[in-house]
Amino acid sequence: MKHLPIALLCAASVAVTSASVRAESPSATGPFVGLSLGGAGLMPRSISLAETGETEHDNGVGKLTAGYWFSPHWGVAASYIDMGEFTQTYTSGSFSGDVRSLGLGLLGRVPITDRWSLIGKLTLTHNRSKQTAVTGDPAQFPNLSGNSTQVVAPGLEINYQVNEAASIFVEAESRGKAASKLDTAYAGIGLRWRF
């Protein structure tokens, strides 16, 4: 994960320097893959224990996406996010967990100019929070680990078409619950390649 920002920066440099004079419309159809780097929001909700500080979380989260635009305005995408580990400390102990998120989303695209577009997302997510370490009584934390599947909205993305194959985007989205008392979200910047 340490080398992901460098790889993303190198790929962005190649995409920008290879940009054609006139980019193809951001409404092109076909398959695509994407990679973004950002941050995950892991937000434990109240579990009737007194918290002793903010949630500690790994920095640098990566997201992989593969999808298909069926028309200029509609597409689908599968995504995977390794949200990393987090720790929440309470007066009676602490909980550490590892969170992963899979998603299958419906995409709606609205072109703004010949290079810019706005993309909305409605995503079916399956999230998993797995306990990695506990101090105190483990029975205190049953609501911070587990699995959850749900439909989440909205997800939003601003997309800039660099050339006919590559685009740069900024995105933010809810990923829903990872456990009954653990909410998740993701925001990042990335590159997308169209075939």
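Because the structure is predicted, anything quoted here is derived from the model rather than measured.

Undergrad: How should the nonpolar core be read in this particular structure?
TA: The tendency in soluble globular proteins is for nonpolar side chains to be buried side by side. Core analysis: the biggest nonpolar cluster contains 16 residues, and L42, M83, F86, V99, F141, L144 and L182 have the highest contact counts within it. Secondary-structure elements contributing two or more residues to this core are β1 (30-44), β4 (74-90), β5 (93-111), β8 (166-179) and β9 (182-194). Sorting elements by how many residues they give to this core places β4 first, with four residues. In this structure, L42 is in contact with T55, H57, M83, F86, V99, L182, D183 and T184, ignoring residues within four places of it in sequence. Core analysis: the next-biggest nonpolar cluster, separate from the first, contains five residues, F32, W69, A77 and L107 among them.

Undergrad: Is there a simple way to explain the packing of aromatic side chains in this structure?
TA: Aromatic ring pairs are described here by two measures, namely the spacing of the ring centres and the angle between the planes. In total, this model carries six aromatic pairs according to the counting rule given. Measuring from ring centre to ring centre gives 5.0 Å for Y68 and F70, while their planes differ by 50°; the resulting arrangement is tilted. Residue classification places Y68 among the partly exposed positions, given a relative accessible area of 35%. Following the ring pairs from residue to residue traces out a cluster consisting of F86, Y90, F95 and F141. Over the face of the ring belonging to W69 we find R109, whose NZ or CZ atom lies 3.7 Å from the ring centre. It is R192 that lies over the ring of F169; its NZ or CZ is 4.4 Å from the centre.

Undergrad: How should I be thinking about the environment of V151 in this particular structure?
TA: Mapped onto the elements, V151 comes out in strand β7 (residues 146-161). Residue classification places V151 among the exposed positions, given a relative accessible area of 57%. When the C-alpha atoms of V151 and G103 are compared, they prove to be 9.3 Å apart, with 48 residues separating the residues in sequence. Every residue in contact with V151, bar those within four places of it in the chain, is listed here: L122, T123 and L124.

Undergrad: Just to check I follow, could you spell out the pairing of β1 for this structure?
TA: Remember that side chains alternate between the two faces of the sheet whenever the strand is regular. Summarising the sheet, β1 and strand β3 (residues 61-69) pair through nine bridges and their orientation is antiparallel. Each bridged residue has a counterpart across the sheet, and for G30 the counterpart in β3 is W69.

Undergrad: Sorry if this is basic, but what is going on with a nonpolar patch on the surface here?
TA: A contiguous nonpolar patch, built from Y68, F70, W74, V76, L104, L106, L122, L124 and V151 and spanning about 870 Å² of accessible area, is present on the exposed surface. Of all elements in the fold, only β4, β5 and β6 (116-135) reach the threshold of two or more residues within the nonpolar patch.

Undergrad: I keep staring at the confidence of the model for the protein chain and nothing clicks. Help me out?
TA: As a note on interpretation, predicted positions should not be read in detail where pLDDT is low. In this model, the protein chain carries an average pLDDT of 86, and 86% of its residues clear a pLDDT of 70 or more. Of all secondary-structure elements in the protein chain, the lowest mean pLDDT belongs to helix α1 (residues 4-17), at 44, while β3 reaches the highest, 96. Counted against residues more than four places away or in other chains, residues 1-24, with its pLDDT under 50, gives 37 contacts.

Cut-offs applied
- Residues numbered from 1 in each chain as written.
- Predicted model: local features only at pLDDT ≥ 70, side-chain atom pairs only at ≥ 80, totals over all residues.
- Heavy atoms only, no water.
- Core = buried A, V, L, I, M, F, W, Y, C linked by side-chain atoms within 4.5 Å.
- Buried < 20%, exposed > 50% of the residue type's maximum accessible area, 1.4 Å probe, protein only.
- Helix = DSSP H or I, 4+ residues; strand = E, 2+ residues; numbered from the N terminus.
- Contact = heavy atoms within 4.5 Å.
- Phe/Tyr/Trp six-rings, centres within 6.5 Å; stacked < 30°, edge-to-face > 60°.
- Lys NZ or Arg CZ within 6 Å of the ring centre and 35° of its normal.
- Pairing = 2+ DSSP bridges.
- Patch = residues over 30% accessible without salt bridge, like charges linked within 9 Å, V, L, I, M, F, W, Y side chains within 5 Å.
- Areas by Shrake-Rupley, 256 points an atom, 1.4 Å probe, with all protein chains shown as cover.
- Salt bridge = Lys/Arg side-chain N within 4 Å of Asp/Glu carboxyl O.
- pLDDT = per-residue confidence, 0-100.

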